[in-house]
Amino acid sequence: MKTVWFLPLLFLYLVVFSSGYGKNVSSRPGVVNIGAIFTFNSSIGRVSKIAIEEAVKDVNSNSTILHGTKLNLTMVNSNCSGFVGMVEALKFMETDIVAIIGPQCSTVAHIISYVSNELKIPLLSFAVTDPTLSSLQYPFFVRTTQSDTYQMAAVAETVEYFGWKAVLAIYVDNEYGRNGISALNDKLAERRCKISYKVGIPPISGVTKGVIMDILVHVALMESRVIILHVSPELGSLVFSVSHYLGMMGNGYVWIATDWLAYYLDTNSPLPHEQMDTMQGVILLRQHTPDSDRKRAFLSRWKQLTGGSLGMGMNSYGLYAYDSVWMLAHAIDAFFNQGGIIRFSNDSRLHSQEGSNLHLDAMSIFNDGMLLLNNIVQSNLVGLTGPLKFTPDRSLVHPAYEIINVIGTGIRRIGYWSNYSGLSTVPPETLYTRPPNRSSANQQLHSVIWPGDTLTNPRGWVFPNSGKLLKIAVPVRVGYKEFVSQIRGTNYFKGFCIDVFTAAVSLLPYAVPYQFVPFGNGRDNPSYTDLVYRITTGEYDGAIGDIAIVTNRTRIVDFTQPYAASGLVVVAPFKKLNTGAWAFMRPFNPLMWIVTAAFFLVVGIVVWVLEHRTNDEFRGPPKQQFITILWFSLSTMFFAHRENTVSTLGRLVLIIWLFVVLIINSSYTASLTSILTVQQLSSHVKGIESLKNSNDRIGYQVGSFAEHYLSQELNISKSRLVALGSPEAYAKALKDGPKKGGVAAVVDERPYVELFLSSQCSFRIVGQEFTKSGWGFAFPRDSPLAVDLSTAILGLAESGDLQRIHDKWLLKSSCTMESAELESDRLHLKSFWGLFLICGIACFIALFIYFMQIIHQLRTADPPDAISSEPSSGRSRRLQRFLSLMDEKEDPSKSKSKRAKVERSSFENDRDEESGRHSNKRQTELATMSNDLSN
């Protein structure tokens, strides 16, 4: 009976569990299926096919890797077709593979990554560099090569290193090309550079020379001469051939090719001379793989495998393909060590509907695919390409590129780029042990031989060959026509600003086709802010004239180096001051007079205190002593004091005070002399602060930024501001004054004011210049013309031509010899507070020492038993004693007698000691004689 029941159960088990509900393989099987999908007939594919096969052989022959398990490799050709790649990937999913090496093309990778995510099959791509394939969107996509994010960062830093601001981009119009150029645009923007024009080439195989020629002719009309080429090797070779035919490989051009050219040259080297001639001077990038013994041994072995066949040279992608197999093998071994089981199950969502012939239910989900993926991502080994380890965003560590220059029949490495330290001339692996240094001084490359066989770094741009002239806007001024004015009836201009511009343009090493375009109605000065804004809209290609460089304008345009210093100043009317009867009071301001008088009195009191006890000249009745204090202190002003000082402290205070008096006398004399002999000017407006705090009306020039500055920065009400359009309007408004409808002062830029004052001698600049700026020529942001003109303006300044142009237009004879600044001739306390401080400190120290001496005498004079038992009476007596000691005269003879007494006492002591010694000696001699007699 048991057998009868057992046989149906066994049959049911075999039917059910073999019909697709689940598939299990032992934990460490004998064979593990892996796949590889790429384009066989390509520079990358031909090399990678052999490299992957050799890697599988090496893994299977090494028993320490998988411990008896073998890798079973199946390779299919996607031909870089998204449709073919999808079909082949779906076929893979029917064979229970655990991982796929590849794909090679971005188009295929985007499609099959969705399948990989659903079926949990890891993809290890050794050739897809598309930066948009992120681990967040495609968690089972693992990039085992470098992303174009780093390659484009290397290109951007190279562009910045040579000082170029704009580039042109030619790319293949697919995911690889578009996404790579998008990454380049981001990296250039980080360095204030840009792609000024980009054009895509169709990715189809039948692109003709005519299509390429149309594209390159359009590129040749652009301003930039720096061309980034991000295409496939087939298209790249065609682009170089056509560009060489069009003369676009000559002087002034810069060609930077991404790593497609590097692996094309590595694989197919040596190329025919005719083909190499079409790419002379090109800069290209190649993924850097550190040199090692293992790498050298494999390259030697590669030559034996290929026999040196043409088109089979090893490239960086072949090395990454080889390392990808080893990375997968180590991950599978770790997978088994962690208890992973190769087990597949069907997805109910893929069950075919009735009548369908797709058989989607044949595809299986790898149940432990996430475990294998985690082991791949956590890889940490060293391969032919260097460390195989991933960062948190699943990029390989230490991304680096070699920067190479095509010369003659070969190539020359001019430097390296690494994400760690930027551009360098030493291999990046030698820099990883040092602290990172991305400073501009540390960025270095060897010299480059550019297209046209020149060592001179190309400027990187030219004026477009479109036959159009640059539209340079020039403001039509109403006043101050010495700076810029339009010749009536023409579009020609003259003036200081025009001459500076034409002189600077003449110094440029290239011709600038331009035309002047008037800006303004000719009746009022135009708004310069509006003029600058129109450059940003493309209405004008630049603007020249008396344009002030201010903050809000620099945010939207680029200015050249300032060719004229500028800044806001205040102009006001003035009046001449007569000396008058009280002119002698003007050298000092009131506070200076008060403090000086106070110090005369204080010093007199201090000297009286110090001399009162020892000097008869400072004693007497109180009235006499008070007069003595006043007389002594005031007489020191003229060094005519008759009283002698005998105390050391008194003499110290007097010496310091006499020094202070000497300085004050000298300064007073100099200031009074200036007041009495030099013509003095006065204005009720002292500067911008006094003008701001008043309610007077203020004039400004129409169109100037002064209005915005006064109202927005200084918060002066616009009702107080009066627009003035010409120098004549300035003069009339200032003469009328606020009471007659005029203005109290005019605020304008210094160049205008200096020209105005050259003919108007009734006004002066009051106060200091309260802003600092300059005049420059305005151009669109990142315009290379602004940089070159800045260099030319500096050349004009160094040669003296800029000053000669200034003198030609702005040097006037009248009023130029008089002082244009109104400064106060009064002497203030701040100029002398140090002297007063020193004198005060000396007085304090002298009084402190003096009172300490009095206190000491008070203590030594009072015997202990004289202290009263009542504290109040004791303190009273001490105070009386203290005051009496200060008032009583000290007898100088007492100190002399004390010194004599001390000397006499010392002499007597010495004499007593000497007599004692003689007495002892005499007694000893007598004792000796008595002993002799007794004997």
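None of the values given here were measured: they were computed from a predicted structure.

1. Focus: the overall build of the protein chain
Here's step 1: Secondary structure assignment for the protein chain yields 29 helices and 35 strands.
Here's step 2: Each of the 935 residues in the protein chain was classed as buried or not, and the buried ones make up 47%.
Here's step 3: Contacts in the protein chain between residues far apart in sequence, at least 24 positions, make up 73% of those at least 6 positions apart.

2. Observations regarding the packing of aromatic side chains
Here's step 1: Inspection of the entire model under this criterion finds 44 aromatic pairs.
Here's step 2: Judged by centre distance (5.4 Å) and plane angle (85 degrees), the rings of Y263 and Y317 are edge-to-face. One end of the pair, Y263, is in helix α10 (residues 259-268); the other, Y317, is in helix α13 (residues 316-337), with 54 residues separating them in the sequence.
Here's step 3: When its relative accessible area of 11% is taken as the criterion, Y263 is described as buried.

3. Here we look at the nonpolar core
Here's step 1: By size, the foremost hydrophobic cluster in this structure holds 110 residues, and its most contacted members are L71, V98, W255, L261 and I332.
Here's step 2: In terms of residue count, α13 provides more of this core than any other element does, 14 residues in total.
Here's step 3: Residues within four places of I332 in sequence aside, it is in contact with V32, I34, L66, L71, V98 and L372.
Here's step 4: In this structure, A504, V685, I698 and A733 belong to the second largest nonpolar core, which totals 76 residues.

4. What about the sheet that holds strand β11 (residues 283-287)?
Here's step 1: Judged by pairing direction, the sheet is mixed, and its 8 strands sit side by side in the order β8-β7-β9-β10-β11-β16-β17-β18 without closing on themselves. Lying at the two open borders of the sheet, with one neighbouring strand each, are β8 (194-201) and β18 (422-424). Looking at each pair of strands side by side, their axes are set apart by 25 degrees on average, direction ignored.
Here's step 2: One ladder, built from 7 bridges, connects strand β7 (residues 166-172) with β8; its direction is parallel. For I170, the partnering residue across the bridge sits in β8 and is V199.
Here's step 3: Those strands touched by helix α8 (residues 209-220) are β7, β8, β9 (226-230) and β10 (254-257), and its axis lies near 165 degrees from that of β8.

5. Section: the side chain of R764
Here's step 1: With respect to the helices and strands, the residue R764 is situated in strand β32 (residues 763-766).
Here's step 2: Under the relative-accessibility criterion, R764 is labelled buried at 4%.
Here's step 3: Engagement of the side chain of R764 in a polar contact is seen with the backbone oxygen of C761, the distance being 3.3 Å.

6. Considering the confidence of the model for the protein chain
Here's step 1: When pLDDT is averaged along the protein chain, the result is 83, and 83% of the positions lie at 70 or above.
Here's step 2: Low pLDDT, under 50, characterises residues 865-869; the predicted model gives this stretch 5 contacts beyond four residues in sequence or across chains.
Here's step 3: Per-residue pLDDT stays below 50 along residues 895-907; that stretch engages in 0 contacts with residues further than four places along the chain or on separate chains.

7. A closer look at unusual backbone geometry
Here's step 1: Here G102 and P103 are connected by a cis peptide whose omega angle stands at 0 degrees.
Here's step 2: Mapped onto the secondary structure, P103 falls in the loop between β4 (100-101) and α5 (106-119).
Here's step 3: Cis geometry marks the peptide bond from S269 to P270, where omega comes out at 0 degrees.
Here's step 4: Residue placement: P270 occurs in the loop between α10 and α11 (273-277).
Here's step 5: One non-glycine residue, H67, lies in the positive phi region at around 55 degrees.
Here's step 6: Along the chain, H67 falls in the loop between α3 (63-66) and β3 (70-77).

8. A word on the sheet that holds strand β2 (residues 31-38)
Here's step 1: Ordered in space as β3-β2-β4-β5-β6, the 5 strands form an open sheet in which the pairing is parallel. Only two strands of the sheet have a single partner each, and these edge strands are β3 and β6 (141-143).
Here's step 2: Relative to β6, strand β5 (residues 123-125) is paired through 3 bridges, and the arrangement is parallel. When the bridges of β6 are listed, L123 appears paired with F141.
Here's step 3: Packed on one face of the sheet, helix α4 (residues 82-92) meets β2, β3 and β4 and runs near 175 degrees to β2.

9. As for a nonpolar patch on the surface
Here's step 1: Among the surface-exposed residues, W833, L837, I841, F844, I845, F848, I849, M852 and I855 lie close enough to one another that they form a single nonpolar patch of about 900 Å² accessible area.
Here's step 2: Along the polypeptide, I841 turns up in helix α27 (residues 833-861).
Here's step 3: For I841, a relative accessible area of 44% translates into the label partly exposed.

10. So, empty space enclosed by the protein
Here's step 1: The final tally for this structure, using the stated rule, is 1 cavity of 30 Å³ or more.
Here's step 2: Of the voids in this model, the largest cavity is the one considered here, and its volume is about 70 Å³.
Here's step 3: Taken together, the residues that form the lining of the largest cavity break down as 5 nonpolar, 3 polar and 4 charged.

11. A look at the pairing of strand β15 (residues 386-389)
Here's step 1: With 4 bridges joining them, strand β14 (residues 380-383) and β15 adopt antiparallel strand pairing. Note on β15: the bridge partner recorded for L381 is L388.
Here's step 2: Count of turn residues in the β14/β15 antiparallel hairpin: 2 residues.

12. Quick notes on the packing of helix α2 (residues 43-60) against α13
Here's step 1: One can describe the packing of α2 onto α13 by two numbers: an axis separation of 8 Å at closest approach and a directional angle of 30 degrees. By the angle between their axes, α2 is roughly parallel relative to α13. In the crossing of α2 with α13, the sense of the turn from one axis to the other is right-handed. Mapping the contact onto sequence places I44, V47, S48, A51, I52, E54, A55, V56, D58 and V59 in α2 and Y317, G318, A321, Y322, V325, W326 and A329 in α13.

13. Quick look at the pattern of salt bridges
Here's step 1: Under the counting rule described, the total for this entry stands at 27 salt bridges.
Here's step 2: For the salt bridge of E54 with K57, the shortest nitrogen-to-oxygen distance reads 3.6 Å. Taken as a pair, E54 and K57 lie in helix α2 at a separation of 3 residues, close to a single helical turn.
Here's step 3: Exposure remark for K57: the relative accessible area of 53% places this residue in the exposed category.
Here's step 4: When salt bridges with common partners are traced through the structure, they connect E157, E160, E190, R191 and R438 into a single cluster.

14. Quick notes on the environment of C761
Here's step 1: Structurally, the position occupied by C761 is in the loop between α24 (750-757) and β32.
Here's step 2: A sequence separation of 188 residues divides C761 from P573, and the C-alpha atoms of the two residues are 9.3 Å apart.

15. Considerations on the packing of α8 against helix α9 (residues 233-245)
Here's step 1: The N-to-C vectors of α8 and α9 enclose an angle of 60 degrees; their axes lie 10 Å apart at closest approach. By the angle between their axes, α8 is oblique relative to α9. For α8 against α9, the interelement crossing comes out right-handed. Side by side, α8 and α9 meet where K209, I212, M213 and L216 of the first sit next to L238, V239, S241, V242, S243 and Y245 of the second.
Here's step 2: Within the contact of α8 with α9, the residues separate by chemical class into 7 nonpolar, 2 polar and 1 charged.

Reading the values: rules and limits
- Residues numbered from 1 in each chain as written.
- Predicted model: local features only at pLDDT ≥ 70, side-chain atom pairs only at ≥ 80, totals over all residues.
- Heavy atoms only, no water.
- Helix = DSSP H or I, 4+ residues; strand = E, 2+ residues; numbered from the N terminus.
- Buried < 20%, exposed > 50% of the residue type's maximum accessible area, 1.4 Å probe, protein only.
- Contact = heavy atoms within 4.5 Å.
- Phe/Tyr/Trp six-rings, centres within 6.5 Å; stacked < 30°, edge-to-face > 60°.
- Core = buried A, V, L, I, M, F, W, Y, C linked by side-chain atoms within 4.5 Å.
- Pairing = 2+ DSSP bridges.
- Axes fitted to C-alpha atoms, helices over the stretch in contact; angles between N-to-C directions.
- Polar contact = N/O pair within 3.5 Å; in protein donor to acceptor, adjacent residues only side chain to side chain.
- pLDDT = per-residue confidence, 0-100.
- Patch = residues over 30% accessible without salt bridge, like charges linked within 9 Å, V, L, I, M, F, W, Y side chains within 5 Å.
- Areas by Shrake-Rupley, 256 points an atom, 1.4 Å probe, with all protein chains shown as cover.
- Salt bridge = Lys/Arg side-chain N within 4 Å of Asp/Glu carboxyl O.
- 1 Å grid on protein atoms, 1.4 Å probe; cavity = no way out; pocket = protein on both sides within 12 Å on 5 of 7 lines; lining within 4 Å.
- Points joined across faces, edges and corners; volume = space filled by probe spheres on them.
- Nonpolar A, V, L, I, M, F, W, Y, C, P; charged D, E, K, R; others polar.
- Parallel < 35°, antiparallel > 145°, perpendicular 65-115°, else oblique.
- Left-handed = near helix turned anticlockwise from the far one by under 90°.

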